[in-house]
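Observations on chain architecture
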Amino acid sequence: MAEYIKVNPMYQDRIEEVFQTNINPEIVLEFEIHENDFVNSGKGSAELKVTIKRLGVDPAIMRKVAVAAYEAEINITAHSRGGVMTSNIFPDYVHIVFQDRGPGIEDLSKAMTPGFSTATDLVREMGFGAGLGLPNIERNSDIMKLDSAKNESTKLDVIIFFH
Ligand SMILES: Nc1ncnc2c1ncn2[C@@H]1O[C@H](COP(=O)(O)OP(=O)(O)OP(=O)(O)O)[C@@H](O)[C@H]1O
Ligand SMILES: [Mg+2]
């Protein structure tokens with residue numbers, strides 16, 4: 001298993017805390033994401049956006065969450081066998097976990113390179129495949145952790161602070 005992690009230096013001291021397993025979010029939203037289902041893909045991020053809007057999160061932060069979550073949701077639809085998106089909402093941040101069912105990413109640094117894409121013709125017909133989704137997720141998140149390997153499942157953690 002390979003790992004790619006990026007951390008906004010402002011939140012370096014919160015890494016251990018956010019990756020603890022014994023912490024209870026205030027709200028948990030769970031969405032199934034299906035392979036090649038471009039009709040429903042994006043609904044999880046839309047629901048998350050509405051939820052944090054209701055909580056009074058700043059619109060600029062809300063947009064970052066919506067963009068990062070949408071790109072990750074589409075990636076599961078376009079490149080994997082499907083998976084689950086779990087949004088864990090805490091008082092001052094959201095931690096979204098995207099867990100798919102493979103086939104995994106062979107080279108993480110290649111996948112993170114703007115313009116790199118293995119999108120199929122079908123995915124390109126749907127308007128995706130520019131190779132900009134992962135760089136966009138990185139830009140919009142405070143902590144991003146990608147764990148994957150060839151023939152494994154892919155797990156992506158996206159953490160965005162509200163302040
Ligand atoms: N969940 C995943 N499972 C397997 N491969 C993935 C997954 N997410 C991303 N990838 C791989 O990483 C590459 C780059 O992803 P990225 O989101 O940056 O671009 P894209 O999805 O190809 O195009 P765009 O996001 O611009 O529509 C993908 O083409 C694919 O090879
Ligand atoms: Mg993408």
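Structure: see above.
How each quantity is defined
- Residues numbered from 1 in each chain as written.
- Chains lettered and ligands numbered in written order.
- Predicted model: local features only at pLDDT ≥ 70, side-chain atom pairs only at ≥ 80, totals over all residues.
- Near = placed C-beta within 6 Å.
- Helix = DSSP H or I, 4+ residues; strand = E, 2+ residues; numbered from the N terminus.
- Nonpolar A, V, L, I, M, F, W, Y, C, P; charged D, E, K, R; others polar.
- Buried ≥ 20, exposed ≤ 12 C-beta atoms within 10 Å, placed from the backbone.
- Contact = placed C-beta atoms within 7 Å.
- Core = buried A, V, L, I, M, F, W, Y, C linked by C-beta atoms within 7 Å.
- Pairing = 2+ DSSP bridges.
- Axes fitted to C-alpha atoms, helices over the stretch in contact; angles between N-to-C directions.

Quick look at the site of ligand 1
By nearness alone, 21 residues border ligand 1, and S117, T118, F128, G133 and L134 come closest of all. Secondary-structure elements contributing two or more residues to the shell around ligand 1 are α3 (59-79) and α6 (133-140). Of the residues that constitute the shell around ligand 1, the class distribution is ten nonpolar, nine polar and two charged.

Details of unusual backbone geometry
That bond from G102 to P103 is cis: its omega, 15°, falls within 30 degrees of zero. Within the secondary structure layout, P103 lies in the loop between β4 (93-100) and α4 (108-112). For N36, which is not glycine, the phi dihedral falls at a positive 60°. Examined against the element boundaries, N36 turns out to sit in the loop between β2 (27-33) and α2 (43-54). The partly exposed category is assigned to N36, around which 15 C-beta atoms lie within 10 Å. A positive phi is found at N151, a non-glycine position, where the angle reads about 65°. By the secondary structure assignment, N151 is in the loop between β5 (143-148) and β6 (155-161).

Concerning the environment of P114
With respect to the secondary-structure elements, P114 resides in the loop between α4 and α5 (121-125). In sequence terms P114 and E125 are eleven residues apart; their C-alpha atoms lie 20 Å from each other. Each residue touching P114, except ones within four places of it in the same chain, is listed here: G131, L132 and P135.

Some remarks on the nonpolar core
Formed by 32 residues in total, the largest nonpolar core has its most connected members in V65, A69, A72 and V158. When residues of this core are traced back to their parent elements, those giving at least two are β2, α2, α3, β3 (83-89), β4, α6, β5 and β6. Apart from residues no more than four positions distant in its own chain, A69 is found in contact with G44, S45, L48, I96 and V158.

Things to note about the sheet that holds strand β1 (residues 2-7)
The strand order across the open sheet built from six strands is β1-β5-β6-β4-β3-β2, with neighbouring strands paired in antiparallel fashion. The open sheet is flanked by β1 and β2, the only strands paired with a single partner. Each adjacent strand pair in this sheet contributes to an overall mean axis angle of 10°, direction not counted. Taken strand by strand, α3 contacts β2, β3, β4 and β6, and its axis lies near 175° from that of β6.

Points about the pairing of β3
Of the two faces of β3, the one holding G83, M85, S87 and I89 is buried and the one holding V84, T86 and N88 is not buried anywhere. Sheet topology places β2 next to β3; seven bridges connect them, and they run antiparallel. When the sheet's bridge partners are listed, I27 is paired in β3 with I89. By the bridge criterion, seven bridges tie β3 to β4 in an arrangement that is antiparallel. Bridge pairing in β4 places N88 opposite H95. Here β3 hands over to β4 after three residues, the two strands then running antiparallel side by side.

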